[in-house]
Amino acid sequence: MVIKPKIRGFICTNAHPVGCEASVNEQIEYVKGQGQVDCPKNVLVIGCSTGYGLASRITAAFGAQANTLGVCFEKEPSEKKTATAGWYNTAAFHKAAKDAGLYCKTLNGDAFSNEMKEQVIDLIKNDLGKIDLVIYSLASPRRTDPVSGNTYNSQLKPIGKQYTTKTFDTSKELVHEVTLEPATQDDIDNTVKVMGGEDWELWMAALAESGVLADNCKTTAYTYIGKELTWPIYGHATIGKAKEDLDRAAAALNAKYQDLNLAAYVSSLKAVVTQASSAIPVMPLYISLMFKVMKEEGCHEGVIEQIYGLFDNLLFAENPPLDEARRLRMDTVETNDDIQGKIKQRWDLVNTENFAELGDYKGYHLDFLKLFGFGFEQVDYEADVDPQVNWI
Ligand code: NAD
């Protein structure tokens, strides 16, 4: 099959196995080029197949030779249809890890379910004994509560009042205004239910009660805080409420598992192009302007640079610097006043005509294509490839 990108709105509905392998290998090479990190040996990554979770897995494995157990929710390929990118990324990760003699196993299914937690615990008991690091990196539009069976949908809405802002329509390539209606209390509660800290706490409770958390275990969930330009749709919006709930959960975990000397952190990361962030209104425009400014200033970073920095400088430091909410901060270069001021100047001026000059949409779009294995120079996109690539 010759595989070309099929883009529908903010998503690409297919993926290229050879390109996904190139993408994973690029991240592996980056980590190998940086040197070893002080990460412990047995690592569980929940949300391991794309974005920040995949970068975490790669950093643990290739920066510290860690054994990695991953959980993701991806679609397998068929003869006629490609798999999702996360499936191919996982296959490529397994191939590279096995070649390097590293233990890795991945379970594909719903991380929010009790069954998945039980399967993971059985695997830890059989293969690894105990886990030293739990990365919680899920991004999902919905969650089924394992107790009630109710399904909740998260919403991306402002809170309190309507919000009118500029946005970039990636399918029509137009900068235009959009008005977002405010969330109801149900919208807020549902978003907290999906993207808040409850499931992270359920994972940690299941692992602790089964005796598979090592003493001095660490865990982190990821957040985005941003600044004034994104607060109305992110930090101070429904998703921001869910992220505040992660702060609550981290404090609760630290209090509850003192006997294990557990350290739970929320880590704040910079905005990058991932499947999750492309779906958020305003983000393609904000990220394009931010990329242009940060590339000009020589401080641009992508997923792997952010996660390598987190592992190398903060997560395993004895007394890491924490912000007022006790979070680890990898986003301070993006959120400092100088960079934000420069993004704001461009934000006020940007329109469809000058967007290519003021923003780095080219860079944004290339990163977007690469999420699905497209846009790599070394890949022959005219070649016939077998979509049925597996990792099991
Ligand atoms: P992503 O879409 O690239 O990755 C999501 C991962 O979750 C994938 O591995 C997917 O398979 C998995 N997943 C989703 N639903 C699942 C389910 N029900 N069961 C099992 N696995 C499931 O997202 P991302 O952008 O890397 O986001 C990860 C975390 O990082 C999120 O908490 C997000 O808020 C945070 N973050 C993202 C950004 C950004 O700019 N993208 C910035 C800061 C923080």
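Residues numbered from 1 in each chain as written. Predicted model: local features only at pLDDT ≥ 70, side-chain atom pairs only at ≥ 80, totals over all residues. Heavy atoms only, no water.

*Asks:* What is the right way to read the state of the cysteines from this model?
*Replies:* What we call a disulfide is simply a covalent bond connecting the sulfur atoms of a pair of cysteines. Inspection of every chain in the model, using the stated rule, returns zero disulfides. Of all cysteine sulfurs, the one in C39 lies closest to C217, which takes part in no disulfide; the gap is 11 Å. (Disulfide = S-S within 2.5 Å.)

*Asks:* Teacher, can you tell me more about unusual backbone geometry here?
*Replies:* Trans peptide bonds make up most of the peptide bonds, and negative phi angles are found at most residues other than glycine. One non-glycine residue, N216, adopts positive backbone phi at about 65°. Position of N216 among the secondary structure elements: in strand 11 (residues 213–223). We classify N216 as partly exposed; its relative accessible area is 47%. Phi at N261 is positive, roughly 55°, even though this residue is not glycine. Take N261: its relative accessible area is 48%, and that puts it in the partly exposed class. (Helix = DSSP H or I, 4+ residues; strand = E, 2+ residues; numbered from the N terminus. Buried < 20%, exposed > 50% of the residue type's maximum accessible area, 1.4 Å probe, protein only.)

*Asks:* I would appreciate a short explanation of the packing of helix 1 (residues 17–34) against helix 2 (residues 51–64) in the present structure.
*Replies:* Each pair of packed helices can be described by the angle between their axes along with the distance between the axes. At a minimum axis separation of 9 Å, helix 1 and helix 2 run at an interaxial angle of 45°. With respect to each other, helix 1 and helix 2 are oriented oblique. Here helix 1 and helix 2 pass one another in a crossing that is right-handed. On helix 2, the residues that touch V24, Q27, I28, V31 and K32 of helix 1 are L54, A55, I58, T59, F62 and G63. Tallied by class, the residues present in the contact of helix 1 with helix 2 amount to seven nonpolar, three polar and one charged. (Axes fitted to C-alpha atoms, helices over the stretch in contact; angles between N-to-C directions. Parallel < 35°, antiparallel > 145°, perpendicular 65-115°, else oblique. Left-handed = near helix turned anticlockwise from the far one by under 90°. Contact = heavy atoms within 4.5 Å. Nonpolar A, V, L, I, M, F, W, Y, C, P; charged D, E, K, R; others polar.)

*Asks:* It is not clear to me how the site of the ligand should be interpreted in this structure. Could you clarify?
*Replies:* Inspection of the region around the ligand gives 30 residues, with S49, Y52, A111, K243 and T274 positioned closest. A distance of 2.7 Å separates an oxygen atom of the ligand from a polar atom in the side chain of S49. Between an oxygen atom of the ligand and a main-chain N or O atom of Y222, the distance comes to 3.3 Å. Within the complex, 93% of the 840 Å² of free accessible area of the ligand lies under protein. Looking at the shell around the ligand, the elements that each hand over two or more residues are helix 2, strand 11 and helix 8 (275–278). Broken down by element, the shell around the ligand gets its largest block of residues, three residues, from helix 8. Of the residues belonging to the shell around the ligand, the class tally is 15 nonpolar, 11 polar and four charged. (Near = heavy atom within 4 Å. Polar contact = N/O pair within 3.5 Å; in protein donor to acceptor, adjacent residues only side chain to side chain. Areas by Shrake-Rupley, 256 points an atom, 1.4 Å probe, with all protein chains shown as cover.)

*Asks:* How should the pattern of salt bridges be read in this particular structure?
*Replies:* Two side chains bearing opposite charge may form a pair once their charged atoms approach each other closely. In total, this model carries 24 salt bridges according to the counting rule given. In this structure, D247 and R327 form a salt bridge, with 2.9 Å as the shortest nitrogen-oxygen distance. Taken together, the residues D247 in helix 7 (residues 238–256) and R327 in the loop between helix 10 (303–315) and strand 13 (328–329) connect sequence positions 80 residues apart. Take D247 and R327: they sit in the same class, and that class is buried. (Salt bridge = Lys/Arg side-chain N within 4 Å of Asp/Glu carboxyl O.)

*Asks:* Which parts of the structure should I look at to understand the UniProt feature "domain: Trans-2-enoyl-CoA reductase catalytic" (unreviewed entry) in the protein chain?
*Replies:* Within this structure's numbering, the places UniProt gives as "domain: Trans-2-enoyl-CoA reductase catalytic" (unreviewed entry) are residues 81–316. Taken end to end, residues 81–316 comprises 44% helix and 20% strand; its first and last C-alpha atoms sit 42 Å apart. (UniProt positions renumbered as here; feature names shortened; annotations may be inferred.)

*Asks:* Teacher, can you tell me more about helix 4 (residues 114–128) here?
*Replies:* Every α-helix carries 3.6 residues per turn, so stepping three or four residues along brings you back to the same face. Counted at 1.5 Å a residue, the expected span for helix 4 with its 15 residues is 21 Å, and the 20 Å between its end C-alpha atoms agrees. Among all positions in helix 4, only M116, K117, V120, I121, L123, I124 and L128 are buried. End-on, the buried residues of helix 4 take up no more than an arc of 165°, which puts them together on one face. Facing away from the buried side of helix 4 by more than 90 degrees, the exposed set consists of E115 and N126. Packed against the buried residues of helix 4 are strand 3 (42–46), strand 4 (67–72), strand 5 (104–108), strand 6 (131–136) and helix 6 (198–209). (Expected span 1.5 Å × (residues − 1). Arc of directions from axis to C-beta.)

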